[in-house]
Amino acid sequence: MREIKYSEAILEATDFSLENDPSVLVVGLGVPDPKGIFGTTSGLQEKYGEHRVMDMPLSENGMTGIITGVSLNGFRPILTHQRVEFALLSIEQIVNQAAKWFYMNAGQQNVPIVIRLIIGRGWGQGPQHAQSLESWFAHIPGLKVVMPSNSYDAKGLLISSVEDDNPVIFLEHRWLHNTFDNVPSEGYRVPIGEARLARKGSDVTIVSHSYMVLESLRCADVLAEHGISVEVVDLRSIRPLDSKTVLNSVSKTKRLVVADNGWMHFGVSSEIISIVTENIFDKLICAPVRIGMNDSPSPSTRALANHYYPRAKNIAEVISKMLDKTVDLNILFPKTDIPLDVPDPSFRGPF
Amino acid sequence: MLNKFEKNLYYAMLRIRMVEERIAELYSEQEMRCPVHLSIGQEAVAVGVCEHLQKNDIVMSAHRAHAHYLAKGGDLKAMLAELYGKSTGCAKGKGGSMHLIDLENGFFAAVPIVGSTIPIAVGVAWAFKMKKSTNIVTVFLGDGATEEGVFFESLDFASLKNVPILFVCENNFYSVYSNLKVRQAPQRKISVLAESHGIKTFTGDGNDVQQVSKMTREAIKFIKNMNKPVFIELETFRWLEHCGPNGDDELGYREVGELEKWIKKCPIESYKNTIIEKSIVTETEITQMIENISSEINDSFNFAKESVFPKLELLNQHIYKD
Ligand SMILES: Cc1ncc(C[n+]2csc(CCOP(=O)(O)OP(=O)(O)O)c2C)c(N)n1
Ligand SMILES: [Mg+2]
């Protein structure tokens, strides 16, 4: 099978959706521009025309209402913002209108929209361009929230999101765009609401999502060489959440670490730990541990940002403590010269 | 000094240009590790406006803020140190290029979320009014920012409460790669939007620093005498890529010849010709200016490079005020 980049997988899924269903539209600031939203929309306007693939005014709030309206009258729009933060201008439309619409009218009208949001990181992005706000969206009944961690899932989940009859928030981590995976050239679906067992293991389960899956897998690889067997669950969807896969895994390993992609408080990790302790408390042989972004805004300078994001080494530290094993983390994760504010080139994939 | 004001206009524009050219030149060293939005080509707006402001008047801006910050008297060393992520930066490295601040000199804030400083600036100005201060607020915004709903909400409130604010819209025809044509209807005129909120409006050539300066003088007089807001729309042009140190005309998103046309209208070159013709300044004086600015820039970059990074404890400071 071919290996393609995550950004190419998004492009292929969008292309497939446009081809497959004439009611699909693509709207976003920079959609037809020379960079094509990090390559995810390149060439689509040429192929499908300005009436289906289009730029928009700098009007996130209005445009969210407008694509909601257009979806109520027969279309399936995909709206894209280059950063999660730009969608915050439209939070009223998303939360009060799109998310509630179907419920408020007792099922008479639904809102089949996809909102693609990109999570920034690195190169001094600073406090307003690097937030991972999945738990905000996942808090809202009526929204679906997906966060693929690899090219294969990105393509399959985007096609499923477009075909879904509800508003779907599709979150892409900027550091995933250039990772590779095996991806079929034809269209296929990855169901929303199904987690993926990204790696089998027996000593401990790491539950993770989006970019943090890569750090979790790196951690599992390294610990495997030292006799620690780590299972990694990639949530893929945040809402609906596949608690069954999580519970099955933790029932088996009896230990849980959650590697959150965002802040931990009131976050995805809080939810995972609640579900596990509510359901299989008796199976656990120790308290679950979570790890996530530092509980502060993300600073611009790398001197601070380097300490804001947890990495494989930090997860390994938690696990070795949990298993009461003494491992020399500095040997397992030798210092390299790779700057920490750009993607690690060895995180290329496939994963 | 004779013709001091005219010379200052030139000096300030030249200084901003030279600072940003040096940023562009050194960016590839990969030590300024944050996004930078340069204003090269747009200096006349910042300078023509800010030269009329007093130290205690306040300026606010957005992502493309270097020129506004420097024109308002913002500290050059602290700005560069901020770009280098150092503890001596104007926000101790927490913000980077898109979050400049110099309270001492009335540069109140800049943030990269487009449009978001417009209402905040109205609020700051409204507070001046309530405190019976004679100071005013100037907020710089782009043509793109006028597409956000908050722009209209801010105009309405400023007009409703007669807030002492000067809105300065730098219309450079683009938002990133998108021309006005794909974002705004051809009949839509930004200045008319302000006018229809009952706000006194001026329009002009943002590359002509004399025109900007004259207009601003009148605008400020109006704000102070009439206790009402003013809106200025100025046409200008960004020479480099939207974000970053390079040109990007080869991408073909702008019409062929559009950039060249604007480079011919360079605000600094054209003003230089005017003031030399009028014998306001001599070539020798200009050479001296360049030397002075170069040495200030060298010192400031050295300062930024030699400064230390912030200590780790800063990461968790300033989340709440105790
Ligand atoms: C709310 C929001 N949407 C989108 C962006 C991405 N963005 C950053 S600058 C910019 C262009 C703004 O254009 P304009 O206001 O005309 O300013 P210019 O860049 O031309 O100076 C865009 C779209 C953003 N920062 N904030
Ligand atoms: Mg613009």
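In this numbering scheme, every chain counts its residues from 1 along its sequence in written order. A letter from A marks each chain and a number from 1 marks each ligand, given out in the order of writing. Reporting in this predicted model follows two pLDDT cut-offs: at least 70 for local features of residues, and 80 or more for side-chain atom pairs to be given and counted; totals over whole chains, interfaces and linings ignore these cut-offs and use all residues. Hydrogens are left out, water is left out, and the side-chain values use all remaining heavy atoms of the structure.

## Overview of the overall build of chain B
Numbering goes from the N terminus for both helices and strands, where a helix is a DSSP run of H or I of at least four residues and a strand is a run of E of at least two. Secondary structure summary: chain B contains 11 helices and eight strands in total. At 19 Å, chain B has a C-alpha radius of gyration in line with the 20 Å of a compact globule built from 322 residues. Dimensions along the principal axes, computed over C-alpha positions, put chain B at roughly 60 × 50 × 45 Å. Only protein chains enter the calculation, and the probe is 1.4 Å; a residue is then buried if its accessible area is under 20% of its type maximum, exposed if over 50%, and partly exposed in between. By the burial criterion, 58% of the 322 residues in chain B qualify as buried. Taking the intrachain contacts of chain B between residues at least 6 apart in sequence as the baseline, contacts between residues at least 24 apart amount to 75%. Just so you have it, chain B exposes about 13700 Å², and 52% of that area is on carbon and sulfur atoms. His is not counted, nor are the chain ends; Lys and Arg add positive charge and Asp and Glu add negative charge. Throughout, a charge is located at the NZ atom of Lys, the CZ atom of Arg, the CG atom of Asp or the CD atom of Glu. Here chain B contributes 37 positively and 42 negatively charged side chains, and the mean placements of these two sets differ by 7 Å. The globule rule is 2.2 Å times the number of residues to the power 0.38, and the radius of gyration it is compared with is taken over C-alpha atoms. Contact criterion: two residues are considered in contact whenever any of their non-hydrogen atoms come within 4.5 Å of each other. Using a 1.4 Å probe, accessible areas were evaluated by the Shrake-Rupley method; residue-level cover was limited to the displayed protein chains.

## What about the coordination of the magnesium ion (ligand 2)?
Residues and elements named next belong to chain B. Listed as protein donors to the magnesium ion (ligand 2) are D143 (OD), N172 (OD1) and Y174 (O); their distances from the metal cover 2.1 Å. Metal donors: N, O and S atoms at distances within 2.8 Å, or within 3.2 Å for Na, K and Ca, with water omitted from the atom set so that some sites may seem incomplete. When the donor residues of the magnesium ion (ligand 2) are listed from N- to C-terminus, their spacing reads D-x28-N-x1-Y. In this pair, D143 is assigned in the loop between strand 3 (137-142) and helix 6 (149-160) and N172 in the loop between strand 4 (165-171) and strand 5 (174-175), connecting sequence segments 29 residues apart. Residue classification places D143 among the buried positions, given a relative accessible area of 1%.

## Points about the site of ligand 1
Around ligand 1, 20 residues are found, and the nearest of them are A:E60, B:H63, B:R64, B:P112 and B:G144. Near ligand 1, the surrounding residues belong to chains A and B. For the purposes of these results, a polar contact is taken to be a pair of N or O atoms within 3.5 Å, where, inside protein, one atom must be able to donate a hydrogen and its partner to accept one; residues adjacent in sequence count only when each atom of the pair is a side-chain atom. Between ligand 1 and the protein, one listed contact pairs a nitrogen atom with a backbone N or O atom of B:V114 at 3.1 Å. Here an oxygen atom of ligand 1 sits 3.0 Å away from a polar atom, N or O, in the main chain of B:Y174. Residues are classed as near a molecule or strand on a simple rule: at least one heavy atom within 4 Å of it.

## Focus on the domain arrangement of chain A
Residues and elements named next belong to chain A. Per the annotation, domain bounds derive from an automatic or database assignment of domains. Domain boundaries assigned for chain A yield domain 1 (2-183) and domain 2 (196-332). The straight-line distance from the C-alpha centre of domain 1 to that of domain 2 is 27 Å. Across the contact, 30 residues belong to domain 1 and 25 residues belong to domain 2. Interface area for domain 1 against domain 2, summed over the two sides, is near 2100 Å², with a carbon-plus-sulfur share of 53%. Considering only the side of domain 1, the residues that lose the most area to domain 2 are R121, M147 and S149, jointly responsible for 26% of the buried surface there. In what follows, salt bridge is the name for a side-chain nitrogen of Lys or Arg lying within 4 Å of a carboxyl oxygen of Asp or Glu. At the surface where domain 1 touches domain 2, the tally comes to two salt bridges. Between domain 1 and domain 2 we count 10 residue pairs in polar contact (both at pLDDT 80 or more) in total. Values labelled buried area give the accessible surface lost by two parts on being combined, using a 1.4 Å probe and summing over both.

## Observations regarding the packing of aromatic side chains
Residue and element names in this part refer to chain B. Between 30 and 60 degrees the pair is tilted, below 30 it is stacked and above 60 it is edge-to-face, where a pair is any two Phe, Tyr or Trp rings, Trp via its six-membered ring, whose centres lie within 6.5 Å. Using the criterion set out here, one finds 16 aromatic pairs over all chains in the structure. With centroids separated by 4.9 Å and ring planes inclined at 85°, the aromatic side chains of Y177 and Y253 adopt a geometry described as edge-to-face. Here Y253 lies in the loop between strand 8 (230-235) and helix 9 (258-264) and Y177 lies in the loop between strand 5 and strand 6 (178-179), a separation of 76 residues in the sequence. On the basis of relative accessibility, which here comes to 14%, the residue Y177 falls in the buried class. Each residue in the set F173, Y174, Y177, F237, Y253 and W262 is aromatic and connected to the rest through ring pairs, giving one cluster. Ring-over charges, as used throughout, are those where CZ of Arg or NZ of Lys falls within 6 Å of the ring centre and within 35 degrees of the ring normal. One cation-aromatic arrangement involves K77 over F303; the distance from NZ or CZ to the ring centre is 5.7 Å. Over the face of the ring belonging to F202 we find K200, whose NZ or CZ atom lies 5.4 Å from the ring centre.

## Observations regarding the pattern of salt bridges
All names here are of chain A. Considering all chains together, one arrives at 26 salt bridges over all chains under this definition. A salt bridge links E172 to R116, with the nearest nitrogen and oxygen atoms 2.5 Å apart. Taken together, the residues span a long stretch of sequence, with E172 in strand 7 (residues 168-173) and R116 in strand 5 (residues 114-119) at a distance of 56 residues. The salt bridge partner of R196 is D234, with a shortest N-O separation of 3.3 Å. Remark: D234 occurs in strand 11 (residues 230-234) and R196 occurs in strand 9 (residues 196-199); sequence separation between them is 38 residues.

## Topic: the sheet that holds strand 7 of chain A
Residue and element names in this part refer to chain A. Spatial ordering of the open sheet is given by 3-2-4-5-7-6-12, a layout of seven strands whose pairing is mixed. The sheet is open, and its two edges are formed by strand 3 (53-54) and strand 12 (237-239), each paired on a single side. Note that strand 4 (residues 76-81) and strand 5 share four bridges and pair parallel. Bridged to I78 within strand 5 is V114. To define axes, lines are fitted to C-alpha atoms, for helices over the stretch in contact only, and angles between the resulting N-to-C directions are given on a 0 to 180 degree scale. Strand contacts of helix 8 (residues 151-163): strand 2 (24-28), strand 4, strand 5, strand 6 (144-146), strand 7 and strand 12, with the helix running at about 160° to strand 7, the strand carrying the most contacts. At least two bridges found by DSSP between two strands is the condition for calling them paired.

## Some details on the nonpolar core
What makes a nonpolar core is a set of buried Ala, Val, Leu, Ile, Met, Phe, Trp, Tyr and Cys residues whose side-chain atoms join them at distances within 4.5 Å. The biggest cluster of nonpolar side chains holds 78 residues, and the ones touching the most others in it are B:I23 and B:M79. By residue number, the principal contributor to this core is helix 1 (residues 4-26) of chain B, which donates 11 residues. The contacts of B:M79, once residues within four sequence positions are left out, are B:V19, B:I23, B:H66, B:Y69, B:L70 and B:L100. By size, the runner-up hydrophobic cluster in this structure holds 59 residues, among which are A:M212, A:V213, A:V232 and A:L329.

## Quick notes on helix 13 (residues 312-322) of chain A
Residues and elements named next belong to chain A. Of all the positions in helix 13, only A312, I315, A316, V318, I319, S320 and M322 are classed as buried. Elements that come into contact with the buried residues of helix 13 comprise strand 10 (204-208), helix 9 (211-224), strand 11, strand 13 (256-263), strand 14 (289-293) and helix 14 (329-332). Following helix 13 by one or two positions, D324 adopts a phi angle in the positive range, close to 60°.

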